[in-house]
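# Understanding the architecture of this molecule
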Amino acid sequence: MKFGILVFPGSNCDQDCFHVVKNVLKKPVRYIWHRETDLSGLDCVILPGGFSYGDYLRTGAVARFSPVMKALADFAAKGSTVIGICNGFQILLEAKLLPGIMLRNKNLHFICKHVYIKTENNHTRFTSLYKKDQILRIPIAHNEGNYYIDARGLEDLRNNNQIVFRYCSATGEVNDQYNPNGALDNIAGIINKHGNVLGMMPHPERSAESELGSNDGFFLFKAIFKWLETQKHD
Amino acid sequence: MIVEIYITLKRTVADPQGLTVKHALESLGYKNLADVRMGKMVVITLDYEDKDKAEREINEMCKKLLANPIIEEYRFKIKGQGA
């Protein structure tokens, strides 16, 4: 099975994602330049972090019209696995593959630090290796991580168990004090209704090796791999 | 034909940048500010003069790319001919 990592002009976390899949997970992976239109042969596509198109106009707004995004929409519509990390999440939101939008962080600062997130839904193909409510230590690095959706959208997310991660304290308290960026309902990561597209602001690829301070993020990649393995035998 | 497009956050969306600028202006002594909101202006120069076509196309551009309808609204002014 093969992983693909989309690279837009301005993406800068593609190499970290590549490293985790190739050298830590030890699975086949290739880069996909944003002008490519063929995603055949891939089982999972990763949209990495960075500053695609310099965040011009709105973060992710221009990248969503890159040639590869049409193929990505088809890929996602088929139920194939997609994960958007940080800028990747922002691009998925602009492309409407996930609902909602990112606003500027409430305190207007670029925030770069380790945070704790709680696993709210461990029944997804991304979080199956985490226990319910398991707390993960994963870094964030963003200026626009303030997730917003209207009241009806939030109700939908809650009713469909689409909220996968929430910012919390080291002991799992979810409240304003442990919300780094003002995100609605402390939302740090969501999935689509079908459960095949995940978007998250924290960087699991920067938390995939214990030498970097935490390897909590590794199990997200491993969970995806395990899921893909089960699909092979169907 | 020149078109000026104004893109602003919807009233229901918090604008911390606007608030920060308001405080900065207040610290300069301006005490009568009810509100300050930040937005964007996009200036597009079209190479045709057909007003109806311009309105149609600018609306499309705003809906497809320039404004995100979840949090932004837009309005535009057609400024007339030439540069």
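This report concerns the structure included in the present document. If you're wondering where the values come from, they're calculated on a predicted model, not measured in any experiment.

Take the overall build of chain B next. Each helix and strand in chain B was counted, giving 2 helices and 3 strands. Scaling as 2.2 N^0.38, a compact globule of 83 residues should have a C-alpha radius of gyration of about 12 Å, whereas chain B reaches 16 Å, well beyond that. Overall size of chain B, expressed as C-alpha extent along the three principal axes, is 45 × 30 × 15 Å. Across the 83 residues of chain B, 6% fall into the buried class. The contacts of chain B with a sequence gap of at least 6 include a subset with a gap of at least 24, amounting to 74%.

As a further point, take the overall build of chain A. Along the backbone of chain A there are 5 helices and 11 strands. The globule rule puts the C-alpha radius of gyration for 234 residues at 17 Å, and the 16 Å found for chain A is close to it. Expressed along its principal axes, the backbone C-alpha trace of chain A runs to roughly 45 × 40 × 35 Å. When each of the 234 residues of chain A is scored for burial, the buried share is 50%. Sequence separation of at least 24 residues holds for 76% of the intrachain contacts in chain A that already meet a minimum separation of 6.

With that settled, the discussion passes to unusual backbone geometry. Residues and elements named next belong to chain A. In this structure, asparagine 161 is a non-glycine residue whose phi angle is positive, near 55 degrees. Tracing the chain through its elements places asparagine 161 in the loop between helix H4 (151–159) and strand E9 (163–168). Located in the positive-phi region is asparagine 186, a residue other than glycine, with phi close to 55 degrees. Locating asparagine 186 in the fold gives a position in the loop between E9 and strand E10 (187–191). A tally of 23 C-beta atoms within 10 Å means that asparagine 186 is categorised as buried.

Right, let's talk about helix H2 (residues 68–77) of chain A for a bit. Residue and element names in this part refer to chain A. Taken together, the buried positions of H2 are Val68, Met69, Leu72, Phe75 and Ala76. For H2, the angular spread of buried residues about the axis comes to 110 degrees, placing them on one side. Among the exposed residues of H2, those pointing more than 90 degrees away from its buried face are Lys70, Asp74 and Ala77. In this fold, the buried residues of H2 make contact with strand E1 (3–7), strand E2 (29–33), strand E3 (44–47), strand E4 (81–85) and strand E11 (197–200). Residue glycine 79 follows H2 closely and has a positive phi angle near 95 degrees.

Attention shifts here to the interface of chain A and chain B. A common way to report how large an interface is uses the accessible area buried once the components associate. Between chain A and chain B, the contact holds 8 residues from the first and 7 residues from the second. For the side of chain A that touches chain B, a count of residues per class yields 5 nonpolar, no polar and 3 charged.

On to the sheet that holds E3 of chain A. Residue and element names in this part refer to chain A. The strand order across the open sheet formed by 9 strands is E2-E1-E3-E4-E11-E10-E9-E6-E7, and the pairing between neighbours is mixed. If you trace the sheet from one side to the other, it starts and ends with E2 and strand E7 (135–142), each paired once. Along the sheet, successive strands turn relative to each other by an average axial angle of 25 degrees, direction set aside. Where strand E6 (residues 111–119) and E7 come together, 8 bridges link them in antiparallel fashion.

What follows deals with the nonpolar core. Among the nonpolar cores identified, the biggest contains 70 residues, and Leu92 and Ile117 of chain A are the most heavily contacted of them. Residues in contact with isoleucine 117 of chain A, not counting those within four places in the same chain, are Leu136, Ile138, Phe165, Arg166, Tyr167, Cys168, Ala188 and Pro202 of chain A.

All names here are of chain A. Because side chains alternate across E11, one face comprises the buried residues Val197 and Gly199, and the other comprises Leu198 and Met200, equally buried. Alignment of E4 against E11, held across 4 bridges, turns out to be parallel. Within the sheet, the bridge partner assigned to glycine 84 lies in E11 and is glycine 199. Across 3 bridges, E10 lies against E11 in antiparallel orientation.

Turning next to the environment of arginine 137 of chain A. Relative to the helices and strands, arginine 137 of chain A is located in strand E7. Taking the C-beta count within 10 Å as the criterion, arginine 137 of chain A has 16 such neighbours and is therefore assigned partly exposed.

We now examine helix H1 (residues 14–24) of chain A. Residue and element names in this part refer to chain A. Those residues of H1 that fall on the buried side of the exposure criterion are Asp14, Cys17, Val20 and Val21. The arc that holds every buried residue of H1, seen down its axis, measures 135 degrees, which confines them to one face. Looking at the buried side of H1, the elements it contacts are E1, E2, E3 and helix H5 (218–232).

The rules behind the values
- Residues numbered from 1 in each chain as written.
- Chains lettered and ligands numbered in written order.
- Predicted model: local features only at pLDDT ≥ 70, side-chain atom pairs only at ≥ 80, totals over all residues.
- Helix = DSSP H or I, 4+ residues; strand = E, 2+ residues; numbered from the N terminus.
- Rg over C-alpha atoms; globule rule 2.2 N^0.38 Å.
- Buried ≥ 20, exposed ≤ 12 C-beta atoms within 10 Å, placed from the backbone.
- Contact = placed C-beta atoms within 7 Å.
- Arc of directions from axis to C-beta.
- Nonpolar A, V, L, I, M, F, W, Y, C, P; charged D, E, K, R; others polar.
- Pairing = 2+ DSSP bridges.
- Axes fitted to C-alpha atoms, helices over the stretch in contact; angles between N-to-C directions.
- Core = buried A, V, L, I, M, F, W, Y, C linked by C-beta atoms within 7 Å.

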